[in-house]
There are 2 protein chains.
Amino acid sequence: MNEKMLKEYARLIVEVGINVQKGQRLVVNCPVDCAEFGRMLTTAAYDAGARDVIVNWRDDYVNREHWLKADDDVFDTVNPWDVQKSLALAKEGAGHISIAASNPENLRGVDPDRLRRFDVAVGRDMKESSRLMMANYCPWCVVSIPILSWAKKVFPDLSDEAAMDRLWQEIFSAVRITEDGDAVEAWREHCNNLETRSAKLNEYRFKTLRYTNSLGTDLTVGMPEEHVWMAGGDTSRAGIKFVANMPTEEIFSAPKKDEVNGVLYASKPLNLRGNIVDGIRLTFEKGRIVDIHADQGEDILRAAIETDEGSHYLGEIALVPYDSPISNSGVLFFNTLFDENASCHFAFGEAYPSCVKGGDDLPMEELLKRGINADSSQHVDFMVGTADLSIIGTTEDGREIPVFVDGNFVI
Amino acid sequence: MNEKMLKEYARLIVEVGINVQKGQRLVVNCPVDCAEFGRMLTTAAYDAGARDVIVNWRDDYVNREHWLKADDDVFDTVNPWDVQKSLALAKEGAGHISIAASNPENLRGVDPDRLRRFDVAVGRDMKESSRLMMANYCPWCVVSIPILSWAKKVFPDLSDEAAMDRLWQEIFSAVRITEDGDAVEAWREHCNNLETRSAKLNEYRFKTLRYTNSLGTDLTVGMPEEHVWMAGGDTSRAGIKFVANMPTEEIFSAPKKDEVNGVLYASKPLNLRGNIVDGIRLTFEKGRIVDIHADQGEDILRAAIETDEGSHYLGEIALVPYDSPISNSGVLFFNTLFDENASCHFAFGEAYPSCVKGGDDLPMEELLKRGINADSSQHVDFMVGTADLSIIGTTEDGREIPVFVDGNFVI
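Residues numbered from 1 in each chain as written. Chains lettered and ligands numbered in written order. Predicted model: local features only at pLDDT ≥ 70, side-chain atom pairs only at ≥ 80, totals over all residues. Heavy atoms only, no water.

Considering the overall build of chain A
Scanning chain A from N- to C-terminus turns up 13 helices and 21 strands. Here chain A has a C-alpha radius of gyration of 20 Å; the compact-globule value for 411 residues is 22 Å, and the two agree. Expressed along its principal axes, the backbone C-alpha trace of chain A runs to roughly 55 × 50 × 45 Å. When the 411 residues of chain A are sorted by exposure, 58% land in the buried category. For chain A, long-range pairs separated by at least 24 residues make up 76% of all intrachain contacts whose partners lie at least 6 apart in sequence. Here chain A has roughly 15,700 Å² of accessible surface; of this, 47% comes from carbon and sulfur atoms. Treating the 43 positive side-chain charges of chain A as one cloud and the 67 negative ones as another, the clouds have centres 3 Å apart. (Helix = DSSP H or I, 4+ residues; strand = E, 2+ residues; numbered from the N terminus. Rg over C-alpha atoms; globule rule 2.2 N^0.38 Å. Buried < 20%, exposed > 50% of the residue type's maximum accessible area, 1.4 Å probe, protein only. Contact = heavy atoms within 4.5 Å. Areas by Shrake-Rupley, 256 points an atom, 1.4 Å probe, with all protein chains shown as cover. Lys, Arg positive; Asp, Glu negative; His and termini not counted. Charge placed at Lys NZ, Arg CZ, Asp CG, Glu CD.)

So this is what it looks like as structure tokens:
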């Protein structure tokens, strides 16, 4: 790839995504296949004044061998040094960059119970650090670059090289990197636009949102009284602005935990725990998922939803127009970072505290009182947007406001 | 490279080097540039029954950036999770494979004081795990595979590809991997030969060994009463045989800490802390290094020797014939694993407890009473063998026995 654009991308991630501060430690979660880009991020971070850069390398092949062949009881525990590391780095407010790049089916054939048990262990042992991350104690940013196994899944008909090139193009387009443009400036403008729209949504104080489309979705989602629609960036506890996802096209909030009712169909396949789950249909009663169906990968989906009590409830509601840049590319990425930013989506599992007023400062018990799903080790986004999606909001005083018509914003 | 030979090498390391046991955890320290081989080791380990494989990836580029650009006080501490991890894994007896493959001059230009201070921190915080490793609580094995920066340093006149190929050939030859041979069987025989010779040396009960050669070396090395010459393999505390270095050609023991006197010239450049140190001359009085000289990299050498009090003393004495396989290749590897197995060598810093009778079971204080250098965070091998090296042993009853004449064993 064009080295100049790569370096611009690394700078964008470090300076806008994490907004690294002088003297701040940075963690980079990076596949070994992305070593060249991991090195660029490292240099960009030091150049921006990082105190130190810790790269957590990982590898699809080694991971797959682990999940398939390690002793069975390994999946019931988290290594204590991994717990200590993630907690210490979250507490000190280190920036966390994660490069989301994997074979979408890397864990195909792995016993779903192993996946479930390890998630339970992570939920138990990593609760404190995970909660700090969710409450923005530390800036974090998820980005992607191509690796071959992923590129070939997205573009199976292209040669290896062409598939990699094409995926790079799609990623650069989604994150606003151009040959001659100023990506930092482009992001500033983009985030402002998202914030303007989320401010408008916040004015409505919706009590419920009703989703319907021709897939069969008919879902009514209650909203907490003090809900906040967020978009375009977050602020860490130390007051540092950061952008948690690049790309980001969503405006998101948290539903009221026990006021979700109806049937919800996913509109795209979901890359979940190294597997593809497709044809998802979930039925909700008083917020709880009471029926789980998937045409493909149902056991994987079921194991994820059944990880803990909180993972049976929604924790995020997010709006993305059908007519938006990533959606218009027509590419199915099999990577949630991209697919969720091409489509309205929900997540089951824990809500972001910032989705209720002052939530980042509230303990779990208070967040639960505010009505959001504040106690789960899971947070799994899945896509529900379609070209004919209708969303009608009802305000506290009973007015019905069309929010989405034919898949797009109308407010 | 020939895939069959690579797999045989991986199997050799796992089954003979570490001799991995069913249900035992394995740690693999692996450069990201060696990912393919790291994957092969992972599979070989699981196939041999490993409980789990933890790969600690590292990268020369990221390391160099860290050493050059991180905040200065970073080098005074070790991250507590790294301490916990290495201690827990040593205590449980996990096998530790390290792939020694780096640019020999990767840290050229780094402030030697940073290197020294971090070694002091490691010595302080990693003392317990380091001691467990030295005393063979867990099987460990150091091996190498080529990376480009290293291959080009060894064969600067060859093309990238030819340099990599040539280094592979040299490594395979040194570790007895052939197209059709049985490397496991070849190693069994090789280790037996080394053990036979070390048994012979043990019978002499040398009181001193006097080294002289035309470089100017004239050094008398006292030996502890209960010294043991070791070779060809070790036994872990759990009773598992393992081979700590592949290749290994040495017969080694520990000198008496305070009975080393004279002048010692190194015969090869030394790759030390990412730098090349050459033209080393050390002067000893009552065991202590009292004068340090190097034509190149003296500051790096001085920083290493001055890490702690114990690093001013020798901790290992090792015999390798000038006429031996790696030496006869005529290749200067700039990698201690190979260069030390082509040459008689010493190490300054901590001795292996097993070099005195029953030493693996003795606490540090007892080892010091036995006369060996048992308290240092350092263990740095350096090469002293030449074609004209003479070593004359003196037994307890005053007999003078030629051990080496013209660089080779004569007993």
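Don't stop here, the text continues.
Here we look at the packing of aromatic side chains
Residues and elements named next belong to chain A. Taken as a whole, this structure holds 30 aromatic pairs over all chains when the rule is applied. With a centroid separation of 4.9 Å and 20 degrees between ring planes, the pair formed by W67 and F75 is classed as stacked. A relative accessible area of 0% places F75 in the buried class. Among the aromatic residues, those joined into a ring-pair cluster are Y9, F37, W168 and F172. Against the face of F334 rests K153, its NZ or CZ located 4.9 Å from the ring centre. (Phe/Tyr/Trp six-rings, centres within 6.5 Å; stacked < 30°, edge-to-face > 60°. Lys NZ or Arg CZ within 6 Å of the ring centre and 35° of its normal.)

Focus: the environment of B:V28
Residue and element names in this part refer to chain B. Residue placement: V28 occurs in strand β1 (residues 25-31). For V28, a relative accessible area of 0% puts it in the buried group. Spatially, the C-alpha atom of V28 lies 19 Å from that of V62, the residues being 34 residues apart in sequence. In this view, V28 contacts L41, V53, I54, V55, N56 and I97; residues no more than four positions away in its chain are not counted.

What about helix α9 (residues 183-204) of chain B?
Taking 1.5 Å per residue as the helical rise, α9(B) with its 22 residues ought to reach 32 Å, and the 33 Å between its terminal C-alpha atoms agrees with that figure. Immediately downstream of α9(B), the backbone of B:R205 shows phi near 50 degrees, a positive value. (Expected span 1.5 Å × (residues − 1).)

A closer look at the sheet that holds strand β2 (residues 52-58) of chain B
Residue and element names in this part refer to chain B. Strands sit in the order β2-β1-β3-β4 across an open sheet of four strands; the sheet is parallel. Looking at strand neighbours, the two that pair on one side only are β2 and β4 (140-143), the edges of this open sheet. The sheet shows a mean angle of 15 degrees between the axes of neighbouring strands, taken without regard to direction. Pairing analysis gives four bridges linking β1 to strand β3 (residues 95-99), with the strands arranged parallel. By the bridge assignment, V28 is partnered in β3 with I97. (Pairing = 2+ DSSP bridges. Axes fitted to C-alpha atoms, helices over the stretch in contact; angles between N-to-C directions.)

A look at the pairing of strand β1 (residues 25-31) of chain A
Across a regular strand the side chains alternate sides, sitting on one face of the sheet and then on the other. Residues and elements named next belong to chain A. For β1, a buried count of six out of seven residues is recorded, marking the element as mostly surrounded by other parts of the structure. In this structure, β1 lies alongside strand β2 (residues 52-58), joined through seven bridges in parallel fashion. The residue of β2 that forms the bridge with R25 is D52. Running through helix α2 (residues 35-47), the crossover from β1 to the neighbouring parallel element β2 is right-handed. (Right-handed = clockwise from strand over helix to strand, strands pointing away.)

Here's the deal with the sheet that holds strand β10 (residues 251-253) of chain B
Residues and elements named next belong to chain B. Ordered in space as β7-β10-β16-β17-β18, the five strands form an open sheet in which the pairing is antiparallel. Of all the strands in the sheet, the pair left with one neighbour each is β7 (230-231) and β18 (379-383). The pairing of β10 with strand β16 (residues 314-319) spans three bridges and is classified as antiparallel. Directly across from F252, in β16, lies its bridge partner A318.

Quick word on the interface of chain A and chain B
Listed per partner, the contact involves 34 residues of chain A and 34 residues of chain B. Counting each side, the surface lost to burial between chain A and chain B is near 3,000 Å², with a carbon and sulfur contribution of 55%. Where chain A packs against chain B, one counts ten salt bridges. For the pair chain A and chain B, the interface holds 16 residue pairs in polar contact (both at pLDDT 80 or more). Within the residue set of the side of chain A that touches chain B, elements represented by two or more residues are α2, β2, α3 (60-69) and α4 (80-91) of chain A. (Buried area = accessible area lost by both parts, 1.4 Å probe. Salt bridge = Lys/Arg side-chain N within 4 Å of Asp/Glu carboxyl O. Polar contact = N/O pair within 3.5 Å; in protein donor to acceptor, adjacent residues only side chain to side chain.)

Description of the side chain of A:E65
Position of A:E65 relative to the elements: it lies in helix α3. Discounting chain neighbours no more than four positions away, the residues touching A:E65 are A:A70, B:T42, B:T43 and B:Y46.

Topic: the side chain of B:N213
Residues and elements named next belong to chain B. Examined against the element boundaries, N213 turns out to sit in the loop between β5 (206-212) and β6 (218-222). You can call N213 buried: its relative accessible area is 11%. A polar atom in the side chain of N213 sits 3.0 Å from the backbone nitrogen of L215. Reaching out from N213, the side chain makes a polar contact with the side chain of T386 at a distance of 3.0 Å. Apart from residues no more than four positions distant in its own chain, N213 is found in contact with V384, T386, D388 and L389.

What about the pattern of salt bridges?
Side chains that carry opposite charge are capable of pairing whenever their charged atoms lie near each other. Residue and element names in this part refer to chain A. Counted by the stated rule, this structure contains 80 salt bridges over all chains. Of the charged contacts in the structure, one is a salt bridge between R176 and E249, with a shortest N-O distance of 3.2 Å. With R176 in the loop between α8 (160-174) and α9 (183-204) and E249 in the loop between β9 (241-242) and β10 (251-253), the pair connects residues that are 73 residues apart, well separated along the chain. With a relative accessible area of 7%, E249 lands in the buried category.

Considering unusual backbone geometry
Of note, the bond from A:M246 into A:P247 is cis; its omega dihedral lies within 30 degrees of zero at 10 degrees. Note on placement: A:P247 falls in the loop between β9 and β10. Backbone geometry places B:N19, a non-glycine residue, at a positive phi of 55 degrees. One non-glycine residue, B:R176, adopts positive backbone phi at about 65 degrees.

Some remarks on helix α10 (residues 298-305) of chain B
The set of residues buried in α10(B) consists of B:I300, B:L301, B:A303, B:A304 and B:I305. In this fold, the buried residues of α10(B) make contact with α5 (112-125), β12 (270-272), β13 (275-277), β14 (281-285), β15 (288-293) and β17 (345-349) of chain B.

Points about the relation of the copies chain A and chain B
Rotating chain A by 180 degrees and moving it 0.0 Å along the rotation axis overlays it on chain B with an RMSD of 0.0 Å. Both copies of the chain, as the preceding transformation shows, are related through a two-fold rotation axis. Closest to the rotation axis within chain A is the C-alpha of A:W81, separated from it by 2.5 Å. An overlap of 100% is found between the interface residues of chain A and their copies at the interface of chain B, pointing to a shared contact surface. (Least-squares fit on C-alpha atoms with pLDDT ≥ 70 in both.)

With respect to the state of the cysteines
For the structure on display, the rule yields zero disulfides over all chains. The thiol of B:C355 is unpaired, and the distance to the nearest cysteine sulfur, on B:C344, comes to 15 Å. (Disulfide = S-S within 2.5 Å.)

Focus: the pairing of strand β16 (residues 314-319) of chain A
Residues and elements named next belong to chain A. β16 sits mainly inside the fold: six of its six residues count as buried. Bridge count between β16 and strand β17 (residues 345-349): four bridges; the pairing is antiparallel. Looking at β17, one finds that E316 is bridged to A347.

Remarks on the confidence of the model for chain A
Residues of chain A with pLDDT of at least 70 account for 100%, and the chain-wide mean is 96. Two summary scores accompany this predicted model of the complex, namely pTM at 0.95 and ipTM at 0.94. (pLDDT = per-residue confidence, 0-100.)

Considerations on the nonpolar core
Formed by 252 residues in total, the largest nonpolar core has its most connected members in A:Y9, A:Y211, B:Y9 and B:Y211. With near-sequence residues (within four places) excluded, A:Y9 lies in contact with A:F37, A:V143, A:S144, A:I145, A:W168, A:I171, A:F172, A:V175 and A:I177. (Core = buried A, V, L, I, M, F, W, Y, C linked by side-chain atoms within 4.5 Å.)

With respect to the environment of B:V83
Locating B:V83 in the fold gives a position in helix α4 (residues 80-91). Taking C-alpha positions, B:V83 is 7.9 Å from B:S129, a pair spaced 46 residues apart along the chain.

Things to note about the packing of helix α1 (residues 3-18) of chain A against α9(A)
All names here are of chain A. Running from N to C, α1 and α9 point in directions that differ by 45 degrees, and their axes come no closer than 10 Å. It follows from the interaxial angle that α1 and α9 lie oblique. Read as a crossing pair, α1 and α9 show a hand that is right-handed. Residues E8, R11, L12 and V16 of α1 form the contact with α9, whose own contacting residues are A183, V184 and W187. (Parallel < 35°, antiparallel > 145°, perpendicular 65-115°, else oblique. Left-handed = near helix turned anticlockwise from the far one by under 90°.)

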